[in-house]
Amino acid sequence: LLYHVSIGGQDAATVLGAGRVLMLDGNSATVRVSGGVARIEGATIVATDVKAKNGFIHVIDSVLLPPALR
């Protein structure tokens, strides 16, 4: 589960502009936009900037697997 949470409360503009996001498990995930579709490690980002008490939620359409499990 820690591979699904990034460090800090990052909005979509920050995440998409970074290209890589550091996750709580210590790994990083690649974020790309191609053809107007944003993806993180192959998962499509379907909703962004859902405000939460401790930051933002960005909804994806699949489970992310950390590098050791791919």
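Here the structure is shown first, and the text comes after it.
Attention in this report is confined to the structure presented alongside it. (Residues numbered from 1 in each chain as written. Predicted model: local features only at pLDDT ≥ 70, side-chain atom pairs only at ≥ 80, totals over all residues. Heavy atoms only, no water.)

The subject of this paragraph is the pairing of strand 4 (residues 43–52). When strand 3 (residues 37–40) meets strand 4, the two strands line up antiparallel, connected through two bridges. Note that in strand 4 the partner of Arg 39 across the bridge is Thr 44. Taken together, strand 3 and the strand that follows it, strand 4, pair antiparallel across an intervening segment of two residues, in which Glu 41 is found at a positive phi of about 45°. Looking at chain direction, strand 4 and strand 5 (residues 55–60) are connected through five bridges and run antiparallel. When the sheet's bridge partners are listed, Ala 52 is paired in strand 5 with Gly 55. The loop that links strand 4 with its antiparallel partner strand 5 comprises two residues. (Pairing = 2+ DSSP bridges. Helix = DSSP H or I, 4+ residues; strand = E, 2+ residues; numbered from the N terminus.)

Inspection of the secondary structure assignment puts Gly 55 in strand 5. Not counting residues within four places of it along the chain, the set of residues in contact with Gly 55 comprises Gly 9 and Val 50. (Contact = heavy atoms within 4.5 Å.)

Our focus in this paragraph is the packing of aromatic side chains. Evaluation of the coordinates by the stated rule reveals zero aromatic pairs. The residue whose ring lies beneath Lys 51 is Phe 56, and the NZ or CZ to ring-centre distance is 4.9 Å. (Phe/Tyr/Trp six-rings, centres within 6.5 Å; stacked < 30°, edge-to-face > 60°. Lys NZ or Arg CZ within 6 Å of the ring centre and 35° of its normal.)

Right, let's talk about the nonpolar core for a bit. With eleven residues, the main nonpolar core is built from Tyr 3, Val 15, Val 21, Met 23, Ala 29, Val 31, Ala 38, Ile 40, Ala 43, Ile 45 and Leu 64. Those residues in contact with Tyr 3 that lie beyond four places of it in its chain are Met 23, Asp 25, Asn 27, Ser 28, Ala 29, Glu 41, Leu 64, Leu 65, Pro 66, Pro 67 and Arg 70. (Core = buried A, V, L, I, M, F, W, Y, C linked by side-chain atoms within 4.5 Å. Buried < 20%, exposed > 50% of the residue type's maximum accessible area, 1.4 Å probe, protein only.)

All right, on to the side chain of Thr 44 then. Relative to the helices and strands, Thr 44 resides in strand 4. Note on Thr 44: relative accessible area 16%, which makes it buried. With residues near it in sequence (within four places) discarded, Thr 44 still touches Val 37, Ala 38, Arg 39, Val 59, Ile 60 and Asp 61.

A cluster of nonpolar side chains, Leu 2, Val 5, Ile 7, Leu 22 and Leu 24, forms an exposed patch at the surface whose accessible area comes to about 420 Å². By the element assignment, Ile 7 lies in the segment before helix 1 (12–18). (Patch = residues over 30% accessible without salt bridge, like charges linked within 9 Å, V, L, I, M, F, W, Y side chains within 5 Å. Areas by Shrake-Rupley, 256 points an atom, 1.4 Å probe, with all protein chains shown as cover. Salt bridge = Lys/Arg side-chain N within 4 Å of Asp/Glu carboxyl O.)

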